[in-house]
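Letter by letter, the chains look like this.
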Amino acid sequence: MNYSENSKDFFQLVYQVCREIPYGRATSYGTIAKYLGSGRSSRMVGWAMNNAHQQNPPVPAHRVVNRNGQLTGKMHFANPMEMETLLKMEGITVEKDQITNFKKVFWDPSIELDLEA
DNA sequence: CGATTGACACCAA
DNA sequence: ATTGGTGCCAATC
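In this report, we go over the structure that sits alongside the text. The written sequence of each chain sets the order in which its residues are numbered from 1. As they are written, the chains are lettered A onward and the ligands numbered 1 onward, keeping that order. The predicted origin of the model limits local features to residues at a pLDDT of at least 70 and limits the giving and counting of side-chain atom pairs to 80 or more, whereas totals for whole chains, interfaces and linings rest on all residues. The side-chain figures draw on all heavy atoms in the structure; neither hydrogens nor water molecules are used.

**Observations concerning the overall build of chain A**
Applicable threshold: Per the convention used, a helix needs a DSSP run of H or I reaching at least four residues, while a strand needs a run of E reaching at least two, with both numbered from the N terminus. With a 1.4 Å probe rolled over the protein chains alone, any residue whose accessible area is under 20% of its type maximum counts as buried; one over 50% counts as exposed, and the rest are partly exposed. Under the convention used here, a 1.4 Å probe and the Shrake-Rupley method define accessible areas, while residue burial counts only the protein chains that appear.
The helix and strand tally for chain A stands at 6 helices and 4 strands. Along the chain direction, N to C, the helices and strands of chain A fall in the order α-β-α-α-β-α-β-β-α-α. For chain A, with 117 residues in total, the buried portion stands at 41%. Carbon and sulfur atoms make up 49% of the accessible area of chain A, which totals about 7,400 Å².

Here it is, written out as structure tokens:
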């Protein structure tokens, strides 16, 4: 598929960025929103995630958390506990639904995302 | 078309 | 530091 269809939908853009999140990393809604140029439209990112489950390929929404590194959307997963499990499985420390080493696993698309020049 | 919602973020008290 | 309220943008009812 043409990845150049970035002007398709705001959602698709969010999904793509989420899929680009490397293993063992996580980012926040605001960061993604900002990367997309929306800045404070962090809510839209979460809104987009609502459909993430019906996207194909599926979006690793478990790597997307709020600015606090808190798993706010884990309840939206088929199995809430799966979100924590996935994060822990990737080496991310999760305690009380919050990423303790969020600062370490934090991933910034505008920095580490290589869009193949 | 108008009002409400939403997996957030930021500012003020 | 913690809690509460407001702001943003788009989608859904």
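Don't stop here, the text continues.
**Some thoughts on helix 1 (residues 10-19)**
Because each turn of an α-helix spans 3.6 residues, side chains separated by three or four positions in sequence point in the same direction. Applicable threshold: The arc under discussion is defined with respect to the helix axis, by the directions toward the C-beta atoms. By definition in these notes, contact holds between two residues if any of their heavy atoms fall within 4.5 Å.
Three or more residues of helix 1 are buried, namely Val14, Tyr15, Val17 and Cys18. Projected onto a plane normal to the axis of helix 1, the buried residues spread over an arc of 165 degrees and lie on a single side. Structurally, helix 1 contributes buried residues whose contacts are with helix 2 (29-36), helix 3 (42-52), strand 2 (64-65) and helix 6 (109-112).

**Here's the deal with the protein's contact with DNA strand C**
We apply this condition: Being near a molecule or strand, for a residue, comes down to having at least one heavy atom within 4 Å of it. Two N or O atoms count as a polar contact when they lie within 3.5 Å, although within protein this holds only if one can serve as hydrogen donor and the other as acceptor, and sequence-adjacent residues are included solely when both atoms are side-chain atoms. Three residue categories are used. Nonpolar comprises Ala, Val, Leu, Ile, Met, Phe, Trp, Tyr, Cys and Pro, charged comprises Asp, Glu, Lys and Arg, and polar comprises the others, including Gly.
Neighbouring residues of DNA strand C: Phe11, Arg40, Ser41, Arg43, Met44 and Trp47. Put simply, 42% of the atoms of DNA strand C that lie within 4 Å of the protein are in sugar or phosphate. At 3.3 Å, a side-chain N or O of Trp47 approaches a sugar or linking oxygen of DNA strand C. Considering each element in turn, the surface near DNA strand C owes the most residues, 3 residues, to helix 3. Partitioning the surface near DNA strand C into residue classes produces 3 nonpolar, 1 polar and 2 charged.

Read these as layout, nothing more, since geometry by itself doesn't imply function.
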